[in-house]
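# Summary of the model geometry
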Amino acid sequence: MLLRQETPADREAIHAVHLAAFAKHSVPVVEAKLVDELRADGDLIGALSIVAERDGKIAGHVCCSPSRLGTDEKSTVGLGPLGVLPEYHAAGIGSALMHAVLGAADALGYGAVVLLGDPKYYSRFGFVLAAQHGITPPVAEWTTAFQVRTLSAYTPELRGEFRYSPAFDRL
Ligand SMILES: CC(C)(COP(=O)(O)OP(=O)(O)OC[C@H]1O[C@@H](n2cnc3c(N)ncnc32)[C@H](O)[C@@H]1OP(=O)(O)O)[C@@H](O)C(=O)NCCC(=O)NCCS
């Protein structure tokens, strides 16, 4: 497996990965479209948009975008989507992408990564419920799935209401 930043040549393959990964979800196109819209808005952080290559093709992708936490607009990122082609599930690709993106976010000096997802999966990467750190979701119903992974530069002042990049609000 090769992990690397996305390049312009990967765009269609990334879209296809998310369409296939989320095929069983109610509206699979949403996640694929979200990546395209984040990129079009200039809100896909290049160093945090990582693909996994396997057998010469893009088998997985994860990305992060800028976010706001309380009044802070530079210390946290929103993670998502994360997707792996179904035929490659349970082969360690999702985990490799998560470790790579968290390491890169830490190296870039961010204080925390925030996401909405299944705690049963993300807890293995050090995510805890965001409420434990005083971080609240933009939609109250998300609270039980809204998580944060603190990084080296985290300080307890990083708290308050979290807002994703505008593309998330257009979903
Ligand atoms: C979630 C996803 C990215 C995991 O990718 P992956 O490459 O299969 O993950 P890994 O091989 O690193 O890890 C597989 C492990 O995660 C577990 N897992 C996968 N999804 C899970 C979930 N929603 N809840 C709990 N565990 C989950 C698997 O059971 C497996 O467990 P094991 O390590 O005990 O065998 C992939 O299943 C996927 O693309 N799913 C559809 C899209 C999606 O749901 N994305 C996340 C949105 S929150």
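Calculation criteria
- Residues numbered from 1 in each chain as written.
- Predicted model: local features only at pLDDT ≥ 70, side-chain atom pairs only at ≥ 80, totals over all residues.
- Heavy atoms only, no water.
- Pairing = 2+ DSSP bridges.
- Helix = DSSP H or I, 4+ residues; strand = E, 2+ residues; numbered from the N terminus.
- UniProt positions renumbered as here; feature names shortened; annotations may be inferred.
- 1 Å grid on protein atoms, 1.4 Å probe; cavity = no way out; pocket = protein on both sides within 12 Å on 5 of 7 lines; lining within 4 Å.
- Points joined across faces, edges and corners; volume = space filled by probe spheres on them.
- Nonpolar A, V, L, I, M, F, W, Y, C, P; charged D, E, K, R; others polar.
- Near = heavy atom within 4 Å.
- Polar contact = N/O pair within 3.5 Å; in protein donor to acceptor, adjacent residues only side chain to side chain.
- Areas by Shrake-Rupley, 256 points an atom, 1.4 Å probe, with all protein chains shown as cover.
- Sits in = over half its atoms within 2 Å of the grid points.
- Phe/Tyr/Trp six-rings, centres within 6.5 Å; stacked < 30°, edge-to-face > 60°.
- Buried < 20%, exposed > 50% of the residue type's maximum accessible area, 1.4 Å probe, protein only.
- Salt bridge = Lys/Arg side-chain N within 4 Å of Asp/Glu carboxyl O.

Moving on, we come to the pairing of strand 9 (residues 146-150). Across 5 bridges, strand 6 (residues 112-116) lies against strand 9 in antiparallel orientation. Residue L116 lies in a different strand from strand 9, and its bridge partner there is F146. Here strand 7 (residues 128-129) pairs with strand 9 via 2 bridges, running antiparallel. The residue bridging V128 from the neighbouring strand is V148, located in strand 9.

The feature "domain: N-acetyltransferase" (unreviewed entry), as annotated in UniProt, sits at residues 1-149 in this numbering. Secondary structure across residues 1-149 divides into 28% helix and 30% strand, with the first and last C-alpha atoms of the span separated by 25 Å.

Reported here for the largest pocket is a volume of approximately 850 Å³. Every residue lining the largest pocket is counted, 31 residues in all, and those nearest its centre are F22, H25, E31, L82 and L116. Every element with two or more residues in the lining of the largest pocket is listed here: helix 1 (11-21), helix 2 (29-40), strand 5 (76-84), strand 6 and helix 4 (119-122). In terms of residue count, strand 5 provides more of the lining of the largest pocket than any other element does, 6 residues in total. Each residue belonging to the lining of the largest pocket can be placed in one class, and the counts come to 20 nonpolar, 6 polar and 5 charged.

Another aspect to go through is the site of the ligand. Around the ligand lies a shell of 20 residues, among which V84, A90, G92, G94 and S95 are the nearest. One of the backbone N or O atoms of L82 is found 2.9 Å from a nitrogen atom in the ligand. Side-chain polar atom of R124 to an oxygen atom of the ligand: 3.3 Å apart, as the coordinates give it. With the chains in place, 65% of the 910 Å² that the ligand exposes on its own is no longer accessible. For the ligand, the cavity whose grid points lie within 2 Å of the majority of its atoms is the largest pocket. Of the residues in the shell around the ligand, the class split is 10 nonpolar, 7 polar and 3 charged.

Once that is clear, we can look at the packing of aromatic side chains. If you walk through the whole model with that rule in mind, you get 9 aromatic pairs. A centroid spacing of 6.4 Å and a plane angle of 55 degrees characterise the contact between Y122 and F125, whose relative ring orientation is tilted. Grouping residues by exposure puts Y122 and F125 together as buried. Ring geometry for F162 and Y164: centres 5.0 Å apart, planes at 90 degrees, overall edge-to-face. Just as F162 is buried, Y164 falls in that class too. Members of the aromatic cluster, each reached through a chain of ring pairs, are W142, F146, F162, Y164 and F168.

Let us now look at the pattern of salt bridges. Opposite charge on two side chains makes pairing possible when the charged atoms of those side chains draw close. The tally for this structure, following the rule as stated, stands at 10 salt bridges. Note that E53 is salt-bridged to R4, the shortest N-O span being 2.7 Å. Of this pair, E53 sits in strand 2 (residues 49-54) while R4 sits in strand 1 (residues 2-5), and the two are 49 residues apart along the sequence. Owing to a relative accessible area of 22%, E53 belongs among the partly exposed residues under this scheme. Salt bridges sharing common partners tie together K33, E37, D41 and R170.

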